[in-house]
Amino acid sequence: MNACRLLGPCCRLLALISLALLSAGAAAAAPQVPADSGAAQAQEALEQARLAYRDAGAFREIMELTLTLPDGRHEKRRTECGVDSAGGAFLSLSHDQGEIFRIVAQSGRMVATQLHVDQHYAEVPYHGDFAAALRELGGDQAQLAAPPAVVARQGASRADFLSAFRLGVLAPLTIAGYHPPAAGDGARIDLQAANGRVTVELDAASHFLRRIEATLGEGPQQVRASGSFTLTAWGAQPALARPNFAGRTAVRTLAALDETAFPLGQPAPRVTLRALDGEVLHPSELPGVVVVLDFWATWCVPCWTALGHTSELAAWARGSGLPVKVFAVDTLETDAGVEAQAHRAMEFLRAKKLDLPVLLDVGGEAFGAFHNPGLPSLVILDRDGRLARYHSGLLPDMVATVRGEIHDLLRAGVPR
């Protein structure tokens, strides 16, 4: 099983939450700050951290992260990044089964490899700006951004450094509080957004990042994370070593790397899913119909954005008069039984003001049968019930893109 595709971009967001994966990529404006929040001290502390990283020389930084999902589960991840003396840089993510992916940038190339994707790798040009190349590698779907340490080391502005803490799904940040060093702890800065918050603690002596805590979302869908940082001199480890690319084909983005491993053209698996009204459906057995499946979970923060687009697509499909069905498949929840999962899904839709057909994948069996497509992801079945299209992550211009693909599949013919 492709471990990174198991959660797709949501996996990257959760696993690299303090390294600003799924960032919007643009620099944040200078934060607005309340007069009584210790704004001046907070801004000065962040500037000291930026300058400390800028002048750090060659370094490696490790972050040990613990995630708390809405259902109470805890997951651990390890991320590592670094910059060498020649301007090369890398970023990697690991879990208890080993390294999930590695991104290496040097000598004019940025390349990415992923666990269990053996025939392909992703590559873009690299001109010494890790953040810019990483945004290109992430593409519109992954919207990948560089770690704060690497951003600062390569000369980023104050706004760019602050932007690295937005976590992608967070709205523009406001400095909400400052806590001076005390009892051996460094200064802590509270950053607030309309849809979450971040607190960073800096080392009192070095000004490097020491700890980070983040909350995304609100209410029962909150995702929380806490992590600690360790920075060391570069050392002699081959962090920038590239794998052997013999026999592999290059693609341009991480999303495309995900998609190369998806078995397009095969018959869709026969799975049993239940609608919120109790109706039983088999999506692969709707003859003559193009079926769109959006895999999501209530705790998956990027899924919240994707569902808004799916709702728009479902409304178009209902009014089009075309043989098209659009479903949002709620999966990988931990509720005990279909009734509990249905209740959670309905409460979620009510809170988000979403109107779209939802199917319940109790126990995640359909998710596994569909080759672990990722969260969020779209799988489109043609009129013959085959796996026709696959999109990993937050698809740019989703409604227009998928509508075009649906029309292409409808023109391709009727069931044989």
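Please refer to the structure higher up on the page.
Residues numbered from 1 in each chain as written. Predicted model: local features only at pLDDT ≥ 70, side-chain atom pairs only at ≥ 80, totals over all residues. Heavy atoms only, no water.

(A) Here's a closer look at the sheet that holds strand β14 (residues 280–281). If you trace the seven strands from one edge of the open sheet to the other, you get β14-β13-β17-β16-β15-β18-β19, paired in mixed fashion. Two strands close off the open sheet at either side, each with one partner strand: β14 and β19 (387–392). By the bridge criterion, five bridges tie strand β18 (residues 377–381) to β19 in an arrangement that is antiparallel. Directly across from L378, in β19, lies its bridge partner H391. Across the sheet, helix α8 (residues 338–352) is in contact with β13 (273–275), β15 (290–296), β16 (324–330) and β17 (358–360); its angle to β17 comes to roughly 155 degrees. (Pairing = 2+ DSSP bridges. Helix = DSSP H or I, 4+ residues; strand = E, 2+ residues; numbered from the N terminus. Contact = heavy atoms within 4.5 Å. Axes fitted to C-alpha atoms, helices over the stretch in contact; angles between N-to-C directions.)

(B) Examining the state of the cysteines more closely. Considering all chains together, one arrives at one disulfide under this definition. Between the sulfur atoms of C300 and its disulfide partner C303 the distance amounts to 2.4 Å. Disulfide C300-C303: the torsion about the S-S bond is 80 degrees, which places it as right-handed. Taking relative accessible area as the criterion, C300 reaches 0% and is therefore assigned buried. A residue is classified by how much of its surface remains accessible, and C303, at 0% relative accessible area, is buried. (Disulfide = S-S within 2.5 Å. Buried < 20%, exposed > 50% of the residue type's maximum accessible area, 1.4 Å probe, protein only.)

(C) Layout of the pairing of β16. Of all seven residues in β16, six are buried; the element is thus mostly enclosed. Sheet topology note: the β15/β16 ladder contains seven bridges and is parallel. Across the sheet, V292 pairs through a bridge with V326, a residue of β16. Handedness of the crossover joining β15 and β16 through helix α7 (residues 301–320) is recorded here as right-handed. In this sheet, β17 lies alongside β16 in parallel orientation, the contact comprising three bridges. In the sheet register, D330 faces β17, and the bridge partner there is L360. (Right-handed = clockwise from strand over helix to strand, strands pointing away.)

(D) Here's a closer look at unusual backbone geometry. In this model, L375 is joined to P376 through a cis peptide bond whose omega is -15 degrees. Topologically, P376 is positioned in the loop between α9 (365–369) and β18. Not every positive phi belongs to a glycine, and H207 is a case in point at roughly 75 degrees. Checked against the element boundaries, H207 lands in the loop between β9 (196–202) and β10 (209–216).

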